[in-house]
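# A structural walkthrough
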Amino acid sequence: MLAFCCLVACGNPGRPVQMGGSVFGTSWSLTYLGAPDTIRPEQVRGDIEAAFARVNKSMNHYDETSLISAFNAAPAGVVFEVDWDFTYVLKAALTLSGVTAG
């Protein structure tokens, strides 16, 4: 996503491109301007939806096949490999828990 934003900043100004959709029980929207001609709106939408799908597969506690569901079902003390997104959110949650005394 950061690479896309950098590419957009270096592109030629033109008509704004707008897109949006539904995800996680809410909606998302994006408006960008100045993307290079090599960046197609379909590619941008696909990349955004792929990022949402990664987060969903990792942290959707309603999905029994998600990483968080497997993590929660694992016995305490078992070593469990998680992805970067999961690690980032878990670290933030543990930090917040420590700061607020649980």
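Use the structure listed above.
The following refers to the structure shown. (Residues numbered from 1 in each chain as written. Predicted model: local features only at pLDDT ≥ 70, side-chain atom pairs only at ≥ 80, totals over all residues. Heavy atoms only, no water.)

Here we take up the side chain of serine 69. Structurally, the position occupied by serine 69 is in helix H3 (residues 67–73). According to the relative accessible area criterion, serine 69 is buried, its value standing at 16%. Here the side chain of serine 69 touches serine 66 through a polar contact of 3.1 Å, side chain to side chain. Setting aside chain neighbours within four positions, we find serine 69 in contact with Asn60, His61, Asp63 and Glu64. (Helix = DSSP H or I, 4+ residues; strand = E, 2+ residues; numbered from the N terminus. Buried < 20%, exposed > 50% of the residue type's maximum accessible area, 1.4 Å probe, protein only. Polar contact = N/O pair within 3.5 Å; in protein donor to acceptor, adjacent residues only side chain to side chain. Contact = heavy atoms within 4.5 Å.)

A few words now on the pattern of salt bridges. In total, this model carries 2 salt bridges according to the counting rule given. Where arginine 40 meets glutamate 42, a salt bridge forms, and the shortest distance between an N and an O atom there is 3.4 Å. With a shortest N-O distance of 3.4 Å, arginine 45 and glutamate 49 are connected by a salt bridge. One end of the pair, arginine 45, and the other, glutamate 49, are both in helix H2 (residues 41–59), 4 residues apart, so they sit about a helical turn from each other. In this structure arginine 45 comes out as partly exposed when scored by relative accessible area, which is 28%. (Salt bridge = Lys/Arg side-chain N within 4 Å of Asp/Glu carboxyl O.)

Phi is positive for phenylalanine 24, which is not a glycine, with a value near 55°. Topologically, phenylalanine 24 is positioned in the loop between strand E1 (17–23) and strand E2 (26–32). Exposure remark for phenylalanine 24: the relative accessible area of 47% places this residue in the partly exposed category. A positive phi angle, near 55°, is found at alanine 101, a position not held by glycine. Turning to its location among the elements, alanine 101 is positioned in the segment after helix H4 (84–99).

Attention shifts here to the pairing of E2. Summarising the sheet, E1 and E2 pair through 7 bridges and their orientation is antiparallel. In the strand pairing of E2, methionine 19 is matched with leucine 30. Between E1 and E2, which pair antiparallel in sequence order, lie 2 residues; one of them, phenylalanine 24, sits at a positive phi of approximately 55°. (Pairing = 2+ DSSP bridges.)

In this section: the environment of proline 36. Structurally, proline 36 can be placed in the loop between E2 and H2. Overall, proline 36 belongs to the partly exposed group, its relative accessible area being 23%. Measuring from C-alpha to C-alpha, the distance between proline 36 and glycine 14 comes to 9.7 Å, with 22 residues separating the pair along the chain.

On the surface, a nonpolar cluster with roughly 250 Å² of combined accessible area is contributed by Phe71, Leu90 and Leu94. Its location among the elements puts leucine 94 in helix H4. (Patch = residues over 30% accessible without salt bridge, like charges linked within 9 Å, V, L, I, M, F, W, Y side chains within 5 Å. Areas by Shrake-Rupley, 256 points an atom, 1.4 Å probe, with all protein chains shown as cover.)

Across soluble globular proteins, you tend to see nonpolar side chains buried next to one another. Of all hydrophobic cores here, the largest spans 8 residues; its members are Met19, Val23, Trp28, Tyr32, Ala35, Ile39, Val44 and Ile48. Counting residues per element, the ones that place at least two in this core are E1, E2 and H2. (Core = buried A, V, L, I, M, F, W, Y, C linked by side-chain atoms within 4.5 Å.)

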